[in-house]
Structures are given as structure tokens and as C-alpha cells.
Amino acid sequence: MNSSENDIPYSFEVTATAAELHETHADLCPDERSGVSVSVAGRLMLRRVQGRICFGTLDDASGRRIQLFATQTDTNEYRSFARLSVGDWVGAAGEVIKTRRGELSVEVSTWHLLAEARRPFPDKWHGLADIDARYRRRYVDLWVSPESRLRLQTRSRMISSMRRLLEEKGFIEVETPMLHPIAGGAAARPFVTHHNSLNCDFYLRVAPELYLKRLVVGGLSKVFEIGRVFRNEGLSPRHSPEFTMLELYQAYADYRDIMELTESLISEVALASVGTTEVIAGDQILNLAPPWRRVGMEEVVAEVTGCELTADLDAAEARRTAAKLGVEVEAGSSAGQVLSEVYERVVEGTLLGPVFVCDFPVEVSPLARRHRSRAGLVERFEAVAAGRELANAFSELTDPDEQRGRFAFQGQSAGQDECEPATIDEDYLSALEYGLPPTGGLGIGIDRLTMLLCATESIRDVIAFPTLRPTPAEEGEPAEQRQATCS
RNA sequence: GCCCCCGUAGCCUAGCCCGGUCAAGGCAGCGGACUUUUAAUCCGUUGAUCGUGGGUUCGAAUCCCACCGGGGGUACCA
């Protein structure tokens with residue numbers, strides 16, 4: 001089609017969606033007319049010209065499609081209509097009818113081209129098979145692959161129900177900095193960026209944890225944040241350099257309270273977003289309805305491996321047990337580190353769940369409070385479903401002196417890696433010195449939860465625009481030049 | 001970072017293993033027929049230096065090397 005912008009209207013009044021029409025006119029019989037006039041708009045996905053009549057399939061992203069029925073006698077500009085391309089945006093007005101073959105349709109009397117698809121759409125039947133193209137040109141993928149659109153819709157419903165549930169429970173949503181002078185709250189390699197007028201480097205946050213707990217010190221006793229965090233590490237079907245986390249903190253609560261909160265939150269979010277607590281995990285089905293099983297890490301490791309491996313074991317003996325199980329550990333590893341390593345390597349992946357794996361070794365949990373009765377462990381749990389970590393939570397460590405000691409210990413091990421800034425967050429310690437009440441904290445990976453609810457295996461499927469290597473065209477002019485023109 | 005696999009017209013694929021009328025088919029596009037189609041159908045037709053660059057060879061989509069992009073695995077990831 002040859003169209004100029006002059007031919008395109010500035011607005012178009014839509015009076016019905018395809019989904020609404022299918023609902024309202026479900027009882028129309030074949031070859032029956034409704035007498036109702038509507039106007040619809042969307043993308044033309046198929047077109048069948050039959051001489052003096054023409055059928056088109058309109059997709060308006062409402063979840064259903066509606067057929068457009070045009071005839072030479074009744075349709076304005078019929079000849080042009082019959083020449084529309086697959087992918088063109090069309091607004092059409094006319095009576096709702098059912099064709100002789102029983103397909104609900106809008107019999108087009110007037111119509112407008114709303115946007116021309118100048119680039120050809122992918123194969124109407126096969127769609128986009130090239131995975132790279134699906135991620136790089138998601139705007140095409142969303143039309144061609146309904147399941148892609150569905151996943152983003154599910155994600156949206158999930159997050160909005162999560163907000164609603166937390167607000168109902170008295171939590172307030174807050175926003176903490178993304179630019180951190182010190183990358184804290186998780187042991188991940190950060191992205192570094194530079195602020196020109198302050199002339200200093202910042203790290204993109206790897207977790208909001210330390211700032212959220214500062215707010216609890218400040219008296220905001222139930223806070224949560226849903227936001228992006230950034231980790232400069234490898235990509236995989238389960239890891240994206242930027243991903244979305246929910247973190248929440250509740251004063252006066254311990255990790256047992258947080259378990260109850262977690263299982264109710266996740267099961268209700270599942271109900272609200274996919275309508276069921278049963279989700280498919282490979283060839284199995286798991287049920288997210290509470291209560292979830294609670295089991296100690298030491299117990300679940302014994303259960304799965306048949307080996308007694310506890311945090312208070314002699315370190316050398318623990319390492320021998322790991323070797324027997326085929327798990328490589330570093331030479332000087334403590335029993336707690338070995339326990340955690342064996343759990344992650346051989347146990348976690350086998351757990352269908354949902355299950356709370358509780359009481360982690362203190363060495364791998366620098367921000368969690370010591371267990372009230374078990375030596376060498378902390379009050380921490382991970383929620384596991386389909387062999388993957390869904391949530392991580394603990395009774396927060398509130399003692400500033402012990403926190404300083406834990407940071408120092410982490411600094412020693414992190415110091416071996418020259419890329420890891422091992423700076424201690426003195427301001428956070430000072431916040432603790434002003435007093436953090438007993439607090440329970442929780443982190444949920446939103447992308448992983450979406451994957452579980454959508455039964456998909458790749459994190460890229462639940463992120464609209466996943467991180468990819470830029471194409472040469474996207475890299476554009478060199479950074480130095482850009483900086484010079486901006487400053 | 002390392003290992004394995006993939007890259008053919010706008011889209012989906014065949015050909016690659018055993019180099020030589022192999023650059024093929026379908027959809028889309030373009031021209032034509034058609035008043036009830038559902039990936040409409042029928043007739044005709046345009047379109048690809050086979051990811052890029054080297055090499056081997058009389059001859060390479062096909063074999064070799066490097067690079068680019070992607071996928072999977074692995075490593076890093078309190």
C-alpha cells in the first residue's frame with residue numbers, strides 16, 4: 001500500500017474489543033445479524049480475498065481475535081481493503097454478524113489504515129523460530145507468539161497482586177538507591193558507573209537489603225521494595241544481569257513468621273495470576289498451597305545423600321564426605337561451607353517442593369542472626385520449588401559488633417578476588433548502632449517466580465527485553481565522544 | 001573464560017556427513033481468477049554472491065582456519 005502520514009487519522013474511537021464481542025455475541029447463530037454496530041482496531045494477522053468479498057483476522061491483543069468481513073457492495077474503499085498487508089494496523093466499524101460458516105465477524109462498512117507494516121511480518125503459520133530474533137525484536141514476537149504476550153501479562157498480574165497483598169498486610173512500598181557507593185547486601189560482582197560532577201564511581205545495586213534495613217532502623221517497621229538489581233556475572237537460562245527482586249522487612253518478626261508470610265504470599269499470587277496453586281514442573285505437578293514442608297538443611301542433606309554432614313563436624317571429615325559425594329570443595333573449607341556446597345550441588349536440584357530449607361551455616365550467611373539453639377547455624381531459609389531457589393529469608397542480624405566481625409570475615413575470603421571491592425559499609429554498621437529491632441527479612445526473585453508460574457525454562461522468556469550482546473548498529477559512536485558532547 | 005551445537009531470500013525449512021546442472025520447496029510479495037473463507041484455493045511471477053573474512057581445490061552452501069551473532073552446558077555467583 002502507498003500511504004502517507006496525511007492519510008492516517010490522529011485518533012480512532014474503539015467501542016469494543018475482540019474478547020468482549022465473543023462474550024457478548026456468543027449466542028448469535030450462523031448467518032445471523034446482531035443489529036449492533038461497533039468499531040474495533042488492531043493488527044491484521046491474516047487476509048483472505050475472495051473476489052468481491054474479503055476476510056481478515058484482526059488481533060487487538062484482547063486475548064481473542066475477530067474476523068473482519070468486507071464486501072465490494074457494502075465496504076467503503078473495498079479495493080484498498082482487499083490490498084491490506086498482514087501486519088497493518090486497521091480500525092474498522094460495522095455491524096456484528098456471524099457468517100454462514102459460523103465465524104463471528106464485524107461486517108466492515110468504514111475503515112481506516114492506522115499504521116502500515118512496511119516490513120513484512122514473519123510466516124503466518126510458523127512464526128518466529130529464531131530465538132535471537134524473538135528477543136531482539138520482541139515487538140514482532142508479541143504479535144506472532146501469543147504465549148510471549150501471555151507471559152508478560154502473567155508477570156504483570158503477579159506483581160500487581162503482590163503489591164496489593166503486601167499493602168493489605170500493612171507494608172509500605174519504598175524506593176531505595178540504585179547507585180550505591182559500596183556494593184553491599186549480596187556477594188555478587190557489581191557493575192561500576194561514574195558520576196561526573198561528584199567525580200566518583202558508583203555501583204549499581206546488587207541488592208537493596210542494607211538500605212531497607214536502614215529504613216526499619218528509622219521506624220518504618222514494614223517495608224518492601226520491588227525493583228531491579230544488577231549483577232555483573234554470567235548469563236544462563238536462570239541468570240540475567242538485571243533482574244527483579246521483591247525484598248521486604250518486618251520488625252518484631254523472626255524467620256518463622258516470614259515462612260508463613262512467604263507461603264501465603266506466593267500461593268495467593270499464584271491464584272491471582274494463573275488461577276491455581278498447581279504448577280507444572282517438568283513432568284511433575286507441584287502445589288503451592290500452604291502449609292509448605294519445613295526441613296533443616298542438615299536433615300535434608302542426610303535425607304537425599306544418606307550422609308551425615310553437619311556444621312559442627314570436623315572440617316576434614318566433612319571434606320572427605322564431600323569428596324565421597326563427588327563434590328569439589330576448596331582446601332580449607334569449614335564444615336559449614338562444605339554443608340552448603342553439598343546442598344547446592346546435589347540436593348537443591350532434586351527438591352520438587354515447595355519446601356522451606358532452614359538453618360544455614362553461619363559462614364555463608366553474613367547478614368543472618370545466629371540460630372537460637374543450634375551451634376554453627378543461622379536462622380535462615382530458602383524456599384525451593386522445582387529444584388530452584390524461589391526465596392531467601394532470615395531473622396536479621398541486628399548486633400553491630402557481630403555484623404562487623406561477619407563483614408571482616410567475608411572481606412578476607414572476598415579479598416582473594418581482586419575484582420571484588422571488600423569495603424565495609426560503615427554507615428550501615430552505624431545504623432545498627434542506633435538500634436535495629438528484631439526483624440525478619442525476605443527476598444523473592446520475581447523472574448524465577450514468573451518462570452515457575454508460566455512453566456518456562458528460560459529467564460529470557462519472562463523478561464520483555466533480555467540483555468543481549470549489542471549489534472554493531474546499536475553500539476553507535478564511541479563512549480568518549482558521547483561523554484564529551486554531554487558534559 | 002572454557003566445551004559442544006546452530007547461522008541458507010522478509011519468515012519457516014531442504015541441501016552440508018559422501019565437494020561438481022544445488023542454490024530447492026512452502027508462506028509472504030507482485031500479476032491474474034474467484035460473493036462465505038478459517039494457514040482459503042487455482043494459474044503465473046520477482047526475490048539469496050548460502051553469517052563475515054581467509055584457505056584447500058580445476059571447482060565450496062558443502063572440507064579447513066579465524067572472526068561475528070545465537071543456543072545449551074560448564075565456570076564465577078555469602
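What counts and what doesn't
- Residues numbered from 1 in each chain as written.
- Chains lettered and ligands numbered in written order.
- Predicted model: local features only at pLDDT ≥ 70, side-chain atom pairs only at ≥ 80, totals over all residues.
- Heavy atoms only, no water.
- Near = heavy atom within 4 Å.
- Polar contact = N/O pair within 3.5 Å; in protein donor to acceptor, adjacent residues only side chain to side chain.
- Helix = DSSP H or I, 4+ residues; strand = E, 2+ residues; numbered from the N terminus.
- Nonpolar A, V, L, I, M, F, W, Y, C, P; charged D, E, K, R; others polar.
- Expected span 1.5 Å × (residues − 1).
- Buried < 20%, exposed > 50% of the residue type's maximum accessible area, 1.4 Å probe, protein only.
- Phe/Tyr/Trp six-rings, centres within 6.5 Å; stacked < 30°, edge-to-face > 60°.
- Lys NZ or Arg CZ within 6 Å of the ring centre and 35° of its normal.
- Contact = heavy atoms within 4.5 Å.
- Core = buried A, V, L, I, M, F, W, Y, C linked by side-chain atoms within 4.5 Å.
- Domains from an automatic or database assignment.
- Patch = residues over 30% accessible without salt bridge, like charges linked within 9 Å, V, L, I, M, F, W, Y side chains within 5 Å.
- Areas by Shrake-Rupley, 256 points an atom, 1.4 Å probe, with all protein chains shown as cover.
- Salt bridge = Lys/Arg side-chain N within 4 Å of Asp/Glu carboxyl O.
- Lys, Arg positive; Asp, Glu negative; His and termini not counted.
- Charge placed at Lys NZ, Arg CZ, Asp CG, Glu CD.
- Pairing = 2+ DSSP bridges.
- Axes fitted to C-alpha atoms, helices over the stretch in contact; angles between N-to-C directions.

## Some remarks on the protein's contact with RNA strand B
Logical step 1: If you check the shell around RNA strand B, you find 44 residues, and the closest are Thr99, Arg101, Val364, Gln410 and Arg469.
Logical step 2: Here the atoms of RNA strand B within 4 Å of the protein split so that 59% fall in sugar or phosphate, with bases taking the remainder.
Logical step 3: At 2.4 Å from a sugar or linking oxygen of RNA strand B is found a main-chain nitrogen or oxygen belonging to Val364.
Logical step 4: Elements with a contribution of two residues or more to the surface near RNA strand B: β1 (33-50), β2 (53-59), β3 (65-71) and α3 (131-136).
Logical step 5: Residue contributions to the surface near RNA strand B peak at five residues, all from β1.
Logical step 6: Of the residues contributing to the surface near RNA strand B, the split by class is 18 nonpolar, ten polar and 16 charged.

## Re helix α5 (residues 146-168)
Logical step 1: Compared with the 33 Å implied by 1.5 Å per residue over 23 residues, the 33 Å span of α5 between its first and last C-alpha is a close match.
Logical step 2: Taken together, the buried positions of α5 are Ser148, Arg149, Arg151, Thr154, Arg155, Met158, Ile159, Ser161, Met162, Leu165 and Leu166.
Logical step 3: Count one or two residues on from α5 and you reach Gly170, which has phi positive near 95°.

## Focus on the packing of aromatic side chains
Logical step 1: Overall, the coordinates contain seven aromatic pairs when judged by the stated rule.
Logical step 2: Every member of this aromatic cluster is reached through a ring pair, and the members are Trp292, Phe356 and Phe381.
Logical step 3: Seen from the ring of Trp143, Arg149 lies directly overhead, with NZ or CZ sitting 4.8 Å from the centre.

## Some points on the environment of Val40
Logical step 1: Its location among the elements puts Val40 in strand β1.
Logical step 2: Each C-alpha atom, one on Val40 and one on Ile424, is 60 Å from the other, the two residues being 384 residues apart in sequence.
Logical step 3: Setting aside its immediate chain neighbours within four residues, Val40 contacts Phe12, Val14, Ala16, Leu21, Leu58, Leu68, Val90, Gly91, Ala92 and Val106.

## Observations concerning the nonpolar core
Logical step 1: Within the largest apolar cluster, 37 residues are counted, with the highest numbers of intra-cluster contacts made by Met162, Leu246, Leu248, Leu288 and Leu449.
Logical step 2: In terms of residue count, the dominant contributor to this core is helix α7 (residues 255-274) (eight residues).
Logical step 3: Look past the residues within four positions of Met162 in its chain and what remains in contact with it is Ile226, Leu246, Leu265, Val269, Ile446 and Leu449.
Logical step 4: Among the nonpolar cores identified, the runner-up in size contains 36 residues, and Val223, Ala251, Val338 and Leu436 belong to it.

## Some remarks on the domain arrangement of chain A
For interface size, the figure often reported is the accessible area lost on association.
Logical step 1: What the domain assignment reports for chain A is domain 1 (5-115) and domain 2 (146-292 + 353-469).
Logical step 2: Centre-to-centre, using C-alpha coordinates, domain 1 lies 47 Å away from domain 2.

## What about a positive patch on the surface?
Logical step 1: Together, Arg47, Arg48, Arg83 and Lys124 give the surface a local cluster of positive charge.
Logical step 2: Note that Arg83 resides in the loop between α2 (78-81) and β4 (89-98).
Logical step 3: By relative accessible area, which is 60% here, Arg83 ends up exposed.

## Here we look at the pattern of salt bridges
Pairing between side chains of opposite charge can happen when their charged atoms approach one another.
Logical step 1: In the structure shown here, the tally under the stated rule is 31 salt bridges.
Logical step 2: Close ionic contact of Arg149 with Asp59 constitutes a salt bridge, the shortest N to O distance being 3.4 Å. With a gap of 90 residues between them, Arg149 in helix α5 and Asp59 in strand β2 connect regions that are remote in the sequence.
Logical step 3: Here Arg294 makes a salt bridge to Glu263, at a shortest N to O gap of 3.2 Å. Of this pair, Arg294 sits in strand β14 (residues 293-296) while Glu263 is found in helix α7, placing the two residues 31 residues apart along the sequence.
Logical step 4: Overlapping salt bridges bring together Arg134, Arg138, Asp141 and Glu147 as one network.

## Focus: the sheet that holds β3
Logical step 1: Read around the closed barrel, five strands run β1-β2-β3-β5-β4, paired in mixed fashion. Put simply, the sheet's adjacent strands are angled 55° from each other on average, direction ignored.
Logical step 2: Here seven bridges tie β1 to β2, and the two strands are oriented antiparallel to one another. Bridging from a neighbouring strand, Val49 pairs with Cys54 of β2.

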